[in-house]
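Here are the chains, one letter per residue:
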Amino acid sequence: PRMIYYVLPFQDRICKFELSGKKLLRLKSARHLYFSRGPRIESDRSYQVGSIDFLLKINEFPGAKKPVVYPELFRDIIIKQIEENRGIKFFWAK
């Protein structure tokens, strides 16, 4: 787990917020953001989005509503999962 500090050196926290489908579709064209596969995004709907709080703070998600920032560091969550599952292989297999 010590190597995780090299990969995730920052104090990022997981957050979630709402974003309109219209704004989400605009963001989808940004190459530095990752979108998982899922149902087609509809511009007239509202969606729950998960990210790290840093991207929310620097306004990568303009129009974000009802933000919730969770207290535990993202890095600590990853370390806990690795320790509980005896390695990274088990973490990603879930």
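In what follows, the structure referred to is the one given above.
Residues numbered from 1 in each chain as written. Predicted model: local features only at pLDDT ≥ 70, side-chain atom pairs only at ≥ 80, totals over all residues. Heavy atoms only, no water.

Q: Any chance you could break down the environment of Asp53 for me, citing the residues and the numbers?
A: On the secondary structure map, Asp53 appears in helix H3 (residues 53-57). Sequence separation between Asp53 and Arg13 is 40 residues; the distance between their C-alpha atoms is 5.5 Å. Not counting chain neighbours up to four residues away, the residues in contact with Asp53 comprise Gln11, Asp12, Arg13, Cys15 and Val69. (Helix = DSSP H or I, 4+ residues; strand = E, 2+ residues; numbered from the N terminus. Contact = heavy atoms within 4.5 Å.)

Q: An account of the sheet that holds strand E3 (residues 65-73) is requested, with residue identities and associated values reported.
A: With respect to topology, 3 strands assemble into an open sheet ordered E2-E1-E3, the strand pairing being antiparallel. Two strands close off the open sheet at either side, each with one partner strand: strand E2 (46-52) and E3. If you compare each strand with its neighbour and ignore which way they point, the axes differ by 20° on average. Of the pairings in the sheet, the one linking strand E1 (residues 13-20) to E3 comprises 4 bridges and is antiparallel in character. (Pairing = 2+ DSSP bridges. Axes fitted to C-alpha atoms, helices over the stretch in contact; angles between N-to-C directions.)

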